[in-house]
Amino acid sequence: TTVKSSISKQKLSSGINAEYGVVGVQQIDRVVEVVEETFKGHNVRLFGQKKEGNKKIGGASLHLPKIRKNPLIEIIAINTGCLNQCTYCKTKHARGELGSYPISDIVERGKQSFDEGVREVWMTSEDTGAYGRDIGVSLPDLLYQFVEIIPEGCMLRLGMTNPPYILEHLEDMAVILNHPRVYAFLHVPIQAASDKVLEDMKREYTCAEFCQVVDYLKSKVPGVTIATDLICGFPTETEEDFEETLALIQKYTFPSLFINQFFPRPGTPAARMKKIPADQVKLRTKKASEIFQKQLPYSHKIGEIQTVLVTEIATDRKHYVAHNKFYDQVLIPMEDGYMGQSLTVVIEETGKYFMKGRVLEEGELQNIPSSYSNPNQLAFSLNPQTMVQNIKQRSNGWNFIIVLVVGMVFQMLYILYRNNYR
């Protein structure tokens, strides 16, 4: 048997029977070799990192054959390892220092994926924002080249980035997230809103810097989705510290918020700290969850017309899962010909984590104002309140009044056409 794991090397070497072969996370391209040697009765422990000269590289080649779980989605790791020393995290133990793949390798992998029928590429790593710092390039350098090879009807989704490494690229990131073939979505973990706790975690940023990232992107990328993470009950977190975190949740209505209880990972500095009683940690987690669950980020979107890309089957097996420009989840009916396509829908129902859309017919599409036909602009809304908000972002003064009147006329025309086509 061959085992691939992120457990510490010492634990693996001492705790696994000699009949097993063990492959480190940087050596997955040598699985066949390890299996063959293990069958011969050899004790194989392959933990080494990929290096060129004496410098760590990204890992196994991006050109290896791949069987995709979803044939429409390609996941490309742009770097491995990280630059941080977070006191609660084991990533550095398992992945080591930062190792980035060359831009040319990533772009070539993207071209190959699109040629094979992929419609959506996910760029991932332990920290996408740190990409390239070890090889003299940056994440925007990569993205400006990658967007040039994305075909029409296909999209790019960026993975998680920590605040310190994205701060210096905010202007470029706003340009990239506004690109028509890039989801206006970014996952930026905060973990805690208390600067004291962030310092104890060794997160290397302040709450104000996190807010700077969010506020800037929201102002430059209208409608952008920011997802974030929280850790409740870090050992040095006081009730006052936690109140700061609750205030942050209330300040921003995050459509996606991952709330985790602190877990002491063996071998980390935080595991040696005095833990907060479990009942207090659970209570804090409950308080954060209650605030989050009361927030309804999509309730005002009923009536919006959105362009979505369909890539998955919903867990209820009754709907397809699509995503709009802002990577919001939109459920549509399962009908032949929809999978893998870009469709125009009108939102007719919303929930906490999703919207439900009806696919517009050709006749209905012809009557949508051309200025709203670009899926990368804010969605055209048939909801009066939302329509006013959207128009305000595009107009001012008398222009606003004129556009508002025109918008109301289009709204009435659409309702008439919708009734005729239903």
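For every chain, the first residue of the written sequence is number 1, and numbering continues from 1 along that sequence. It should be noted that, the model being predicted, local features are given only for residues of pLDDT at least 70 and side-chain atom pairs only at 80 or more, the latter also being counted only at that level, while totals for whole chains, interfaces and linings use all residues. Calculation of side-chain values draws on the structure's entire complement of heavy atoms; hydrogens and water are dropped beforehand.

Colleague: So what exactly am I meant to see when it comes to helix α10 (residues 239-251) here?
Modeller: Because each turn of an α-helix spans 3.6 residues, side chains separated by three or four positions end up pointing in the same direction. Between its first and last C-alpha atoms α10 spans 18 Å; for 13 residues at 1.5 Å apiece the expected length is 18 Å, and the two agree. Those residues of α10 that fall on the buried side of the exposure criterion are Asp241, Phe242, Thr245, Leu246, Leu248 and Ile249. Viewed along the axis of α10, the buried residues span an arc of 155°, placing them on a single side of the element. Away from its buried face, by an angle of more than 90 degrees, α10 presents the exposed residues Glu240, Gln250 and Lys251. Here a residue-residue contact requires only that any non-hydrogen atoms of the pair lie within 4.5 Å. Helix and strand assignments follow DSSP, with helices taken as H or I runs no shorter than four residues and strands as E runs no shorter than two, numbered in order from the N terminus. Where α10 is buried, its residues meet α8 (195-201), α9 (207-220), β12 (225-232), β13 (256-261) and α11 (278-294). To estimate the expected span of a helix, subtract one from its residue number and multiply by 1.5 Å. Partly exposed describes any residue whose relative accessible area lies between the buried limit of under 20% and the exposed limit of over 50%, with all areas from a 1.4 Å probe on protein chains only and scaled to the type maximum. Taking the helix axis as origin, the arc is that swept by the directions to the C-beta atoms.

Colleague: How should the packing of α10 against α11 be read in this particular structure?
Modeller: Angle between the axes and distance between the axes are the two parameters that describe a pair of packed helices. Only the contacting stretch of a helix is used when fitting its axis, a line to C-alpha atoms as for every element, and angles between N-to-C directions run 0 to 180 degrees. For the pair α10 and α11, the least separation of the axes is 9 Å and the interaxial angle reads 20°. One way to sum up the angle between α10 and α11 is to call them roughly parallel. As for the relative orientation of α10 and α11, their crossing is right-handed in sense. For the pair formed by α10 and α11, the contact residues are Glu239, Phe242, Leu246, Ile249 and Gln250 on the first element and Gln280, Arg284, Lys287, Ala288 and Ile291 on the second. Amino acids outside the nonpolar list (Ala, Val, Leu, Ile, Met, Phe, Trp, Tyr, Cys, Pro) and the charged list (Asp, Glu, Lys, Arg) are all regarded as polar, and Gly is one of them. Of the residues belonging to the contact of α10 with α11, the class tally is five nonpolar, two polar and three charged. When an angle is under 35 degrees it counts as roughly parallel; over 145 it counts as roughly antiparallel; between 65 and 115 it counts as roughly perpendicular; any other value is oblique. Helix crossings are classified by the rotation of the near helix relative to the far one: an anticlockwise turn of less than a right angle makes the crossing left-handed, while a clockwise turn makes it right-handed.

Colleague: Just to check I follow, could you spell out the sheet that holds β13 for this structure?
Modeller: With parallel pairing, three strands are arranged side by side in an open sheet as β11-β12-β13. Strands at the two margins of the open sheet, each flanked by one partner only, are β11 (185-187) and β13. In this sheet, adjacent strand axes meet at a mean angle of 15° when their direction is disregarded. By this definition, two strands are paired if DSSP reports at least two bridges between them. Note that β11 and β12 share three bridges and pair parallel. Looking across to β12, one finds that Leu186 is bridged to Ile226.

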